[in-house]
Every structure is written in structure tokens, then in C-alpha cells.
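Residue-level structural notes
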Amino acid sequence: MRPNGVYVASFGSIAYSTAGTIIEIQASTGPLMVEVWRAWIGPAEGTDPVDEVQEIALYVNDAATTSGTAMSENELQGSADAAATAVAVRGGTIGATPTNLIFDAFHTQNGWLYLPAPEERPRIHQAATDDNIGLQFPVAPDQSMTFSGGIVWAEYG
Amino acid sequence: MTGRQRYSGVYVASANAQSVPTSAVCLIWAQALTNTQLEIIRCVVGPAEGVAPVDEVLPIAMWITSAGPGGSIIVELKLQGEDDASNNSITRSLGDPGGGASTYVWYDAYHLAKGWVFEPEPEERPRVRGSTGNDVIGFDLPVNPQSAFTCSVSLVYGEIEA
């Protein structure tokens with residue numbers, strides 16, 4: 001099955017200090033299926049690297065993150081210039097109790113990469129029970145840190 | 001439509017001993033010329049070289065735009081394909097920052113003692129098309145490094161000719 005397009009939403013040098021959404025995609029307009037291909041958090045930036053192992057989780061849920069910052073969806077491959085049917089946000093408050101699919105942790109000097117094999121790429125469907133997918137800090141960082149990160153997804157339908 | 005296409009050639013442009021200043025800089029960029037599509041297979045930024053490794057985490061970003069930002073010529077060398085040298089693309093290093101908040105599409109960061117690799121899956125390789133508004137792709141250090149350093153930089157890409 002070939003996607004309509006492959007997109008990236010990425011943020012640079014944003015400070016995070018609380019538990020909550022790092023980045024989230026919302027399948028906003030149907031018919032649409034969104035498949036996540038990659039997600040990452042860069043190492044904590046600066047001249048005095050932070051020495052901490054931070055918990056992270058990939059989640060799905062049924063309500064969009066609130067008070068997040070809208071992000072641009074940029075095309076990597078495909079025929080459409082921008083993803084009009086998926087909305088990406090960073091930061092904000094998770095909109096509904098999330099179902100955490102994957103728990104992990106990373107040293108803040110290394111960063112974190114989620115790169116599933118094709119057969120295990122998580123999918124969300126517009127108007128389904130869980131039509132949001134994202135990364136969150138389940139636990140607040142010990143101190144405010146500045147990260148870059150992003151998410152790559154394919155759209156079908 | 002997405003999907004893998006057969007490349008007319010696969011090339012590498014690599015430069016060593018790049019003197020990165022204490023200002024924002026484009027480390028390496030490539031431009032697809034007329035009737036050519038260019039697809040990034042890999043970008044590698046080596047660690048900061050020297051006997052006292054730099055203890056700093058620096059942001060790095062990829063941008064796609066319409067104008068090449070100058071810099072030093074890098075010779076494109078063939079890895080696979082029919083043509084000996086790439087006559088359908090241009091690569092440069094250490095140019096002016098080519099991106100900005102409006103054209104950066106991929107943000108990351110890396111520890112200068114480790115280096116950085118961008119290796120997208122085949123289906124997500126960013127692609128630019130010659131003679132369009134977006135035929136240039138590059139990798140910037142968008143934030144000033146605390147101190148100047150020396151590193152290597154490489155770009156591997158495939159060309160799809162019309």
C-alpha cells in the first residue's frame with residue numbers, strides 16, 4: 001500500500017520542564033490513516049550537557065492536546081505540498097488519558113530515536129477512538145532542558 | 001506518489017578539515033539542476049577533531065529552499081551508476097546559513113564529541129526537483145557554536161534524471 005505522501009514536523013531548541021506532550025499528530029480530517037515512521041528527541045542542548053536519564057513514552061488517545069503550539073507539516077515525498085489532513089502540535093496538555101504504547105528512557109546527552117520496522121509502525125485512523133498519537137514525558141524532567149525533535153509519518157486515504 | 005525509484009547515479013560529496021566558525025553556518029548543501037531530482041540518502045557530520053574534545057551539544061537542522069547559499073566547491077564522486085561525475089547537481093560546504101525558521105524541515109542536535117548521522121529510510125528520503133522553487137537542500141548549524149572547531153562533512157545522494 002503506497003502512501004499519498006510522507007511528511008515531517010520538527011521543532012528546534014524548545015525548552016521542556018514539565019510532564020506532558022512533547023509532540024503529537026492528530027488525524028483531523030477523513031478519510032485518513034496516519035502511520036508513524038520515525039520520532040526522535042535530540043540531546044539536551046548547550047555548553048554544559050545535562051547528566052540525567054529521562055523517561056519518555058509513545059502514546060495514543062482520543063482527544064487532541066490542548067494549548068500546544070501548532071507546527072508546520074512539511075512534505076518529504078509525495079504529490080501534496082502540505083499535509084492538510086493531519087495536524088501536528090508540540091508542547092501542551094495531553095487532552096485525554098493516554099494509552100502509552102511504548103515506555104522508554106534516554107540519557108539526555110544522547111537523545112532518543114524511535115524507528116519501527118515497517119510491520120510495527122503504529123497507525124491511527126481519523127474518527128476512530130484513538131486518533132491522536134504522540135510522544136510525552138510521563139515524568140517532569142529534573143530541570144528545564146532545551147531539545148529539538150520531530151516526527152515523520154505517512155498518510156493514506 | 002511515494003516509493004523507491006531507480007537512481008541514474010549515486011554520488012558522494014565529502015570534505016574534511018572544515019573550519020566551522022563561531023557563527024551560524026551551512027555545513028553542506030546540494031542543488032538539483034534542470035530535469036533532475038535529487039534524493040538524500042545520508043548526511044554525516046563528523047565529531048569536532050582535536051586532542052581536547054569539545055563538550056557541547058549543538059543544534060543542527062535540514063532545510064529545503066530555492067537558492068544555494070554559496071560556500072566551497074565539493075567534487076561529487078560516483079558510488080554507483082552510469083555517469084562518472086554528477087553533471088546534474090551542485091554541492092558546496094561552509095556556506096551562509098541557507099535555511100531559516102520558515103524553511104527548516106528537520107531539527108536535531110548532537111554532541112560535538114560524537115558527530116551526527118542523518119540516514120532516512122528509503123521511503124522518507126527527502127527529495128528536491130531541479131528548476132522548482134525547492135531545488136536546494138542543506139544542513140545548517142543554526143546556533144553559534146561556543147568555539148570554532150574542525151570537522152568533516154559528507155553527503156550521499158541519488159539522482160533521478162528525467
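Please read all numbers here as calculations on a predicted model, not as lab measurements. (Residues numbered from 1 in each chain as written. Chains lettered and ligands numbered in written order. Predicted model: local features only at pLDDT ≥ 70, side-chain atom pairs only at ≥ 80, totals over all residues. Heavy atoms only, no water.)

1. Topic: the overall build of chain A
Counting its secondary structure elements, chain A contains zero helices and 12 strands. For chain A, the sequential pattern of α-helices and β-strands runs β-β-β-β-β-β-β-β-β-β-β-β. For 157 residues, the compact-globule estimate of 2.2 N^0.38 gives 15 Å, and chain A sits close to it at 15 Å. For chain A, with 157 residues in total, the buried portion stands at 54%. A fraction of 90% describes how many contacts in chain A between residues 6 or more apart in sequence connect residues 24 or more apart. (Helix = DSSP H or I, 4+ residues; strand = E, 2+ residues; numbered from the N terminus. Rg over C-alpha atoms; globule rule 2.2 N^0.38 Å. Buried < 20%, exposed > 50% of the residue type's maximum accessible area, 1.4 Å probe, protein only. Contact = heavy atoms within 4.5 Å.)

2. Describing the environment of A:Ile22
Residue and element names in this part refer to chain A. Within the secondary structure, Ile22 sits in strand 2 (residues 20-27). A relative accessible area of 0% means that Ile22 is categorised as buried. Not counting residues up to four positions away in its chain, the partners in contact with Ile22 are Phe11, Tyr16, Ile41, Ile56, Val89, Arg90, Gly91, Leu135, Gln136 and Phe137.

3. So, the side chain of A:Thr108
All names here are of chain A. Relative to the helices and strands, Thr108 is located in the loop between strand 8 (99-107) and strand 9 (112-114). With a relative accessible area of 0%, Thr108 lands in the buried category. Side-chain polar atoms of Thr108 contact the backbone oxygen of Val50, separated by 2.9 Å. Those residues in contact with Thr108, other than ones at most four positions away along the chain, are Pro43, Ala44, Val50, Asp51, Glu52, Gln54, Met145 and Phe147. (Polar contact = N/O pair within 3.5 Å; in protein donor to acceptor, adjacent residues only side chain to side chain.)

4. Let's talk about the side chain of A:Glu73
Residues and elements named next belong to chain A. Within the fold, Glu73 resides in the loop between strand 5 (69-70) and strand 6 (74-78). At 12 Å, Arg90 is the nearest oppositely charged side chain to Glu73, a buried residue that forms no salt bridge. In terms of polar contacts, Glu73 uses its side chain to reach the backbone amide nitrogen of Ala88, at 3.0 Å. (Lys, Arg positive; Asp, Glu negative; His and termini not counted. Salt bridge = Lys/Arg side-chain N within 4 Å of Asp/Glu carboxyl O.)

5. Side note on the sheet that holds strand 11 (residues 132-137) of chain A
All names here are of chain A. What the six strands build is an open sheet, ordered 5-7-2-11-4-8; its pairing is antiparallel. Since the sheet does not close on itself, it has two edges, and those belong to strand 5 and strand 8, each with one partner. In the sheet, strand 4 (residues 53-61) pairs with strand 8 via eight bridges, with the strands oriented antiparallel. Residue pairing in the sheet places Ala57 in a bridge with Phe103 of strand 8. (Pairing = 2+ DSSP bridges.)

6. Regarding the packing of aromatic side chains
All names here are of chain A. On inspection of all chains with the given rule, the structure shows 14 aromatic pairs over all chains. Residues Trp112 and Tyr114 carry aromatic rings whose centres are separated by 6.2 Å and whose planes lie at 5° to one another, so their mutual orientation is stacked. Comparing Trp112 with Tyr114, the two get one shared label, buried. An aromatic cluster of at least three residues, connected via ring pairs, comprises Phe11, Tyr16, Phe106, Phe137 and Phe147. Over the face of the ring belonging to Trp37 we find Arg121, whose NZ or CZ atom lies 4.3 Å from the ring centre. (Phe/Tyr/Trp six-rings, centres within 6.5 Å; stacked < 30°, edge-to-face > 60°. Lys NZ or Arg CZ within 6 Å of the ring centre and 35° of its normal.)

7. Quick notes on the pattern of salt bridges
Inspection of the entire model under this criterion finds four salt bridges over all chains. Note that B:Glu124 and A:Arg38 form a salt bridge whose closest N and O atoms lie 2.6 Å from each other. Of this pair, B:Glu124 sits in the loop between strand 9 (116-118) and strand 10 (127-129) while A:Arg38 sits in strand 3 (residues 33-41), on two different chains. What makes B:Glu124 buried here is its relative accessible area of 0%.

8. Considerations on the interface of chain B and chain A
Each partner contributes to the interface: chain B provides 29 residues, whereas chain A provides 31 residues. Of the roughly 2,500 Å² buried at the junction of chain B and chain A (both faces included), carbon and sulfur atoms supply 53%. The interface formed by chain B and chain A holds one salt bridge in total. Between chain B and chain A we count 11 residue pairs in polar contact (both at pLDDT 80 or more) in total. Among the elements of the structure, strand 4 (57-65), strand 8 (104-111) and strand 10 of chain B are those that each provide at least two residues to the side of chain B that touches chain A. Per element, the largest residue contribution to the side of chain B that touches chain A is eight residues, and it comes from strand 8 of chain B. Its residues placed into classes, the side of chain B that touches chain A shows 13 nonpolar, four polar and 12 charged. (Buried area = accessible area lost by both parts, 1.4 Å probe. Nonpolar A, V, L, I, M, F, W, Y, C, P; charged D, E, K, R; others polar.)

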